[in-house]
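The residues making up each chain are set out below.
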Amino acid sequence: MARFFLFGVLLVSLVSCGGGKGEEQAPPPPPVEVLTVREQPVIPRFEYVGRVEATDEYKVRPRVEGYIQSRHFTEGDTVQKGQLLFEIDPKPFIAVLENQRANLSQAQSALRVAERNYRRGLQLVDQGAISQVQMDELTGTFEEAQSQVQAMRANVDKAELDLSYTEIYAPLTGLIGRTDYTEGSLVGPATDPLATIVKMDPIYVLFEVPEDRLYSVRVAEGQRRQEGLAPVQLDVRIEQPDGTFYPYRGVIVFVDNQIDPNTGSVAVRARFPNPQQLLVQGQYARVSIRVFTGEEAIKPLVPQSAVMEDMQGRYVYVLGEGNVALKRYLELGQREGELWAVEDGIKAGETVIVNGLQRVVADKPVTPQNTPRNPYDQAVPPEPPSPDQNGMSDDADGERRRDTGEFDDSK
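Everything numeric in this text was worked out from a predicted model, so none of it was measured.

Asker: So, the pairing of strand 17 (residues 313-319): which residues are in play, and what are the values?
Answerer: Within strand 17, 6 of the 7 residues are buried, which leaves it mostly tucked inside the rest of the structure. By the bridge criterion, 3 bridges tie strand 16 (residues 308-310) to strand 17 in an arrangement that is antiparallel. Each bridged residue has a counterpart across the sheet, and for Met308 the counterpart in strand 17 is Tyr315. Bridge count for strand 17 against strand 18 (residues 325-329) is 5 bridges, and the pairing is antiparallel. Bridging across to strand 18, Val318 finds its partner in Leu326. In this antiparallel pair of consecutive strands, strand 17 and strand 18, the connection spans 5 residues, and Gly322 shows a positive phi of 70°.

Written as structure tokens, this is what we have:
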């Protein structure tokens, strides 16, 4: 019996020890980084893709035919207004000019003879020494000589003009492109342009605005005028590929007077300073227009790193009671740097998860930790441009034009 009792005690001990090792403890909630949502004024910003255009473009063409004698510029350099570009061999034109001057001198001599005969005939016809018929012949000869002198003088003027055209000067300051014509090339008015000069400072950016957006602009401006409200202020900028803004603000200088029936949009042109020639003709540019109305909406902003997306839309994880991660779908507006403006779905003061999202399970607790990087510290609301930098231009009748401002069909 003692043996059986000892065996039972040992069996119970073994079963008890084995059961303790089989129990699994629940893992702790996963650690995540969180951030409290803030709000700030959100300035409407509208973006369009445009193309850079030179303010002026001049195609250098010869006005006379001849052989290029010399070239006085380097391709790709900036040429100044009045700078000599090409010189066509002037010798043939000098010869023509000398010949025309000789013809003019000959015609002037004939005119002097005809004039003396004419004046002498006036005296003789009064005395009856010559007939009226002879006097008419002398008058005709004198008038013909006058016309011949005028014709020869016109030929001289043309020859001088053609000679002046052998020197081709730059009509404006700008960048000159490459040329296919070297010294000794035969050129003339019918040949292709010798080179192209483009004025790069200031420079234009042409973009298109949908017609419905243009209509809403007209209506909103009319209402503001009726209510006596101050006009909107525009901040016209170019967003560069690295996310920063071009250092100079622009101004809207042109809105087309007709809508393209193929695209349903209207052409708009903005002018930008370009002293360093960072903008080059033909390149694409993303135009960003902020509209300051004086009544900017205050909206919450969430970090873009906190936003996820599934088939139902974009969402964030909000920290609820007991540190439970709650899935919240949002209606998002425009982006502000690393933040996203929220139209609906969240309020300022709520806490969202910004890092460690791959470990989060909806409706399960998490271990919140403060994130070391706070994008709100860099979120400074933009200031409206000063009056002299406002992105508007003057109309031809002298009134301020504000048919630009709220252009947008995308965020």
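The structure having been displayed, the exposition proceeds.
Asker: Break down helix 4 (residues 211-226) for me, with residues and values.
Answerer: Between its terminal C-alpha atoms helix 4 stretches 23 Å, which fits the 22 Å expected from 16 residues at 1.5 Å a residue. Buried within helix 4 we find Arg213, Leu214, Val217, Glu221, Gly222 and Arg224. Close packing links the buried residues of helix 4 with strand 3 (45-60), strand 10 (195-210), strand 12 (251-255) and strand 13 (265-272). Residue Gly228 follows helix 4 closely and has a positive phi angle near 70°.

Asker: For the nonpolar core, give the residues involved together with the corresponding values.
Answerer: Soluble, globular proteins show a tendency: their nonpolar side chains are buried together. By size, the foremost hydrophobic cluster in this structure holds 27 residues, and its most contacted members are Phe207, Val236 and Phe272. Those elements giving two or more residues to this core turn out to be strand 3, strand 10, strand 11 (233-239), strand 12, strand 13 and strand 14 (284-292). Sorting elements by how many residues they give to this core places strand 10 first, with 6 residues. Setting aside residues up to four positions removed in sequence, Phe207 forms contacts with Tyr48, Val49, Gly50, Ile252, Val266, Ala267, Val268, Ala270, Val287 and Ile289. Residues Val37, Val307, Leu332 and Val352 belong to the second largest nonpolar core, which totals 19 residues.

Asker: So what's going on with the confidence of the model for the chain? Which residues, and what values?
Answerer: Per-chain confidence: the chain averages 82 in pLDDT, with 85% of residues scoring 70 or above. In the model of the chain, helix 1 (residues 2-22) stands out as the element of lowest mean pLDDT, 48, in contrast to strand 6 (residues 84-88), which has the highest, 94. Low confidence marks residues 395-411, where pLDDT is under 50. Its contacts with residues over four positions away, or in another chain, come to 56 contacts.

Asker: Please set out the sheet that holds strand 19 (residues 331-336) residue by residue, giving values where relevant.
Answerer: Taken in spatial order, the 4 strands of this open sheet run 2-15-20-19, and their pairing is antiparallel. Here the strands that pair on one side only, and so sit at the sheet edges, are strand 2 (38-42) and strand 19. Sheet twist, expressed as the average angle between the axes of neighbouring strands with direction ignored, equals 45°. Here strand 2 runs beside strand 15 (residues 297-303); their pairing, made up of 5 bridges, is antiparallel. Its bridge partner lying in strand 15, Gln40 is registered against Lys299.

Asker: Which residues make up the sheet that holds strand 4 (residues 66-71), and what are the values?
Answerer: Taken in spatial order, the 4 strands line up as 7-6-4-9 in an open sheet, and their pairing is antiparallel. Looking at which strands have only one partner, the edges of the open sheet turn out to be strand 7 (167-169) and strand 9 (186-187). Direction of pairing for strand 4 relative to strand 6: antiparallel, over a ladder of 3 bridges. If you follow Ser70 over to strand 6, its bridge partner there is Glu87.

Cut-off values and rules
Residues numbered from 1 in each chain as written. Predicted model: local features only at pLDDT ≥ 70, side-chain atom pairs only at ≥ 80, totals over all residues. Heavy atoms only, no water. Buried < 20%, exposed > 50% of the residue type's maximum accessible area, 1.4 Å probe, protein only. Helix = DSSP H or I, 4+ residues; strand = E, 2+ residues; numbered from the N terminus. Pairing = 2+ DSSP bridges. Expected span 1.5 Å × (residues − 1). Contact = heavy atoms within 4.5 Å. Core = buried A, V, L, I, M, F, W, Y, C linked by side-chain atoms within 4.5 Å. pLDDT = per-residue confidence, 0-100. Axes fitted to C-alpha atoms, helices over the stretch in contact; angles between N-to-C directions.

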